[in-house]
Amino acid sequence: MAKENQTLPEFLLLGFSDLRALQGPLFWGVLLVYLVTLLGNSLIILLTQASPTLHAPMYFFLRHLSLVELLYTTDIVPRTLADLAFPHPRAISFWGCAAQMYVFIVLGISECCLLTAMAYDRYAAICQPLHYSTLMSWRACMAMVGISWLMGIITATTHSSLIFTLPFPSRPVIPHFLCDILPVLRLASAGKHRSEVSVMMATVVFIMVPFSLIVTSYAHILSAILAMASTLSRRKVFSTCSSHLLVVFLFFGTASITYIRPRAGSSVTMNRILSLFYTVITPMLNPIIYTLRNKEVTKALWHVVKRQVPSP
């Protein structure tokens, strides 16, 4: 990171301080969404752990995805709520900013990889049913989850080291509510162009490669579905994939718009709105989508509720 004989700058997070009329509604809205996110993802983790019907590989990945969502929002939202409670921009230390970005990247890349693993699981179940138990063995699932976290750690270490060794002004202002990659990188005093190109290339790779693998998996799945003679079988197979597909498009859609969109076509307000969506809203929607659109999760939830509520 930064050299020890240099004075480390203190960043100033703009947050939503320039939109004071919206700070109150945003505070309560973000707080409500955060509480729902904590409840929903915790429920998914408990259900997939406790219910014997949800011990399949798909729900193993879903449990880790929910864990990522919990940590992801907790890395961002408490600080955002604290900033929304004050009318003026608040400072964040150099190491505080670096830590937030590091965790943010680890969890973002891990989620990309987990969504890819879940797509492969659906491919193996539908297109390779006879080899499913071998392809998706317990060891294979553990390896996929381990690689997901490892890729996140490697990417975060590389990006953070690259960005936070650059020289910054004495009191740089980040036009954002979090220490995101591009807003921080663009504040660097020198060497930022080469670093920005490197970071952008890596970001494109980690968005487009997993998304391409997911699209390829679902192309094979669609082909298998169309080859099925029974309409009932088609509906059943599609229902097992629809939840994951919806989550994939929510995550990769907002991420690609945020990080791959040309800089000339971006604005500070639009960047904050998009970031608010994928850091706050999407983690809340994921457990709702999986609960409402997945019959096995719904059944397991109702089973738990019936066990807890005594019959009259």
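Thresholds applied
Sequence order sets the numbering: in each chain, residues are counted from 1 along the sequence as written. Restriction of local features to residues with pLDDT of at least 70 applies here, the model being predicted, together with a cutoff of 80 or more for giving and counting side-chain atom pairs; totals for whole chains, interfaces and linings are based on all residues. The side-chain figures draw on all heavy atoms in the structure; neither hydrogens nor water molecules are used. UniProt positions are given in the numbering used here, feature names are shortened, and annotations may be inferred rather than shown by experiment. By definition, any uninterrupted DSSP run of H or I lasting at least four residues is a helix, any uninterrupted run of E lasting at least two residues is a strand, and each is numbered from the N terminus. Three exposure classes are used, based on accessible area relative to the maximum for each residue type with a 1.4 Å probe and protein chains only: buried under 20%, partly exposed in between, and exposed over 50%. The contact criterion used throughout is that any non-hydrogen atoms of two residues lie within 4.5 Å. Disulfides are defined as pairs of cysteine sulfur atoms found within 2.5 Å of each other. Only buried residues count toward a nonpolar core, which is a set of Ala, Val, Leu, Ile, Met, Phe, Trp, Tyr and Cys residues joined through side-chain atoms within 4.5 Å. By this definition, two strands are paired if DSSP reports at least two bridges between them. Helix axes are fitted only over the stretch in contact, all axes being lines through C-alpha atoms; the angle between N-to-C directions runs from 0 to 180 degrees. Each patch is built from residues that are more than 30% exposed by relative accessible area and take part in no salt bridge. Like charges join if they lie within 9 Å; nonpolar side chains (Val, Leu, Ile, Met, Phe, Trp, Tyr) join within 5 Å. Accessible areas in this description were obtained via Shrake-Rupley with a 1.4 Å probe; residue shielding takes into account the shown protein chains only. Whenever a carboxyl oxygen of Asp or Glu lies within 4 Å of a side-chain nitrogen of Lys or Arg, that contact is scored as a salt bridge. Multiplying one less than the number of residues by 1.5 Å gives the expected span of a helix. Two axes define the bend at a residue: one fitted to the seven residues ending there, one fitted to the seven starting there, and the bend is the angle between them. For this analysis, a ring pair means two rings from Phe, Tyr or Trp (six-membered ring only for Trp) whose centres lie within 6.5 Å, classed as stacked if their planes differ by under 30 degrees, edge-to-face if by over 60, and tilted for the remaining angles. Note on convention: near helix rotated counterclockwise from far helix by under a right angle means a left-handed crossing. Clockwise means right-handed. In the scheme used here, Gly and all other residues not listed as nonpolar or charged are polar, with Ala, Val, Leu, Ile, Met, Phe, Trp, Tyr, Cys and Pro taken as nonpolar and Asp, Glu, Lys and Arg as charged. Any pair of N or O atoms that falls within 3.5 Å is considered a polar contact. Within protein, one atom must be able to donate a hydrogen and the other to accept it, and sequence-neighbouring residues count only if both atoms are side-chain atoms.

The name that an unreviewed UniProt entry assigns to the protein is Olfactory receptor, with the source organism given as Bison bison bison. A UniProt comment under Subcellular location (unreviewed entry) is attached to the protein, and it reads "Cell membrane".

Asks: Just to check I follow, could you spell out the overall build of the protein for this structure?
Replies: Looking only at helices and strands, one finds 10 helices and 3 strands in the protein. Scanning the protein from its N terminus toward the C terminus, one meets helices and strands in the order β-α-α-β-α-α-α-β-α-α-α-α-α. Among the 312 residues that make up the protein, the fraction classed as buried is 47%. The long-range share in the protein, meaning contacts at least 24 apart out of those at least 6 apart in sequence, stands at 79%.

Asks: Whenever I open this one, the UniProt feature "transmembrane region" (unreviewed entry) in the protein confuses me. Can you help?
Replies: Residues annotated in UniProt with the feature "transmembrane region" (unreviewed entry) correspond here to residues 26-47, 54-72, 92-120, 141-164, 199-229, 241-261 and 273-292. Counted over residues 141-164, helix gives 96% and strand 0%. Its end C-alpha atoms are 34 Å apart.

Asks: I'm lost on the state of the cysteines in this one. Help?
Replies: By definition, a disulfide links two cysteine residues through a covalent bond between their sulfur atoms. Summed over all chains, the structure comprises 1 disulfide. Disulfide pairing places C97 opposite C179 at an S-S distance of 2.2 Å. On the sign convention where negative means left-handed, the S-S torsion of about -125° between C97 and C179 marks this disulfide as left-handed. Here C97 is found in helix α3 (residues 94-127), whereas its partner C179 is found in the loop between β3 (173-174) and α6 (181-185), with 82 residues between them in sequence.

Asks: Hey, could you run me through the nonpolar core in this one?
Replies: When a protein is soluble and globular, its nonpolar side chains tend to lie buried together. In terms of nonpolar packing, the biggest core is built from 84 residues, with F11, F61, L115, F164, F168 and V184 touching the most fellow members. At 19 residues, the largest contribution of residues to this core is made by α3. Beyond its immediate chain neighbours, meaning those up to four positions away, V184 contacts F11, C97, M101, I163, F164, F168, I174 and C179.

Asks: Would you explain the sheet that holds strand β1 (residues 11-13) in this entry?
Replies: Spatial strand order, β2-β1-β3: 3 strands in an open sheet with mixed pairing. In the strand order of this sheet, the two ends are held by β2 (90-92) and β3, each with one partner. Inspection of the sheet shows β1 paired to β3 by 2 bridges, in the parallel sense. Across the sheet, the residue bridging to L12 is V173, located in β3. In this fold helix α2 (residues 57-84) packs onto β1 and β2, with an angle of close to 150° to the strand it touches most, β2. Packing of α3 onto the sheet brings it into contact with β1, β2 and β3, and relative to β2 it is tilted by some 75°.

Asks: Just to check I follow, could you spell out a nonpolar patch on the surface for this structure?
Replies: A contiguous nonpolar surface patch, about 230 Å² in accessible area, is contributed by L32, V36 and I288. Residue classification places I288 among the partly exposed positions, given a relative accessible area of 33%.

Asks: Would you mind going over α3 with me for this structure?
Replies: Three- or four-residue spacings in an α-helix give side chains the same orientation, since the helix completes a turn every 3.6 residues. An ideal rise of 1.5 Å per residue puts 50 Å on 34 residues; α3 measures up with 49 Å between its terminal C-alpha atoms. Most of α3 sits out of view: 26 of its 34 residues are buried.

Asks: Please explain α2 as it appears in this structure.
Replies: In a regular helix each residue adds 1.5 Å, so 28 residues correspond to 40 Å; α2 covers 40 Å between its end C-alpha atoms and thus fits that length. Most pronounced at T74, the bend in α2 amounts to some 30°, and the proline P78 follows within four residues. In terms of burial, α2 is a largely internal element, 23 of the 28 residues being buried.

Asks: Can you help me understand the packing of aromatic side chains in this one?
Replies: Centre distance and the angle of the planes are the two values used to describe a pair of aromatic rings. Taken as a whole and judged by the stated rule, the model has 16 aromatic pairs. With centroids separated by 5.4 Å and ring planes inclined at 20°, the aromatic side chains of F16 and F177 adopt a geometry described as stacked. Here F177 lies in the loop between β3 and α6 and F16 lies in the loop between β1 and α1 (20-50), a separation of 161 residues in the sequence. For the pair formed by F16 and F177, the shared burial category is buried. With a centroid separation of 6.4 Å and 40° between ring planes, the pair formed by F104 and Y278 is classed as tilted. With F104 in helix α3 and Y278 in helix α9 (residues 268-293), this pair connects stretches of sequence that are 174 residues apart. In this structure, F104 and Y278 share a single accessibility class: buried. Through a chain of ring-to-ring contacts, the aromatic side chains of F11, F94, W95, F164 and F168 assemble into a single cluster.

Asks: Hey, could you run me through the packing of α3 against helix α5 (residues 138-163) in this one?
Replies: Two quantities define a packed helix pair, namely the angle between the axes and the distance from one axis to the other. Relative orientation of the contacting elements α3 and α5 amounts to 145°, with a least axis distance of 7 Å. Classified by chirality, the crossing of α5 by α3 is right-handed. Of the residues belonging to the contact of α3 with α5, the class tally is 18 nonpolar, 7 polar and no charged.

Asks: So what exactly am I meant to see when it comes to the side chain of S110 here?
Replies: Following the sequence through the fold, S110 ends up in helix α3. On the basis of relative accessibility, which here comes to 0%, the residue S110 falls in the buried class. In terms of polar contacts, S110 uses its side chain to reach the backbone carbonyl oxygen of S148, at 3.2 Å.

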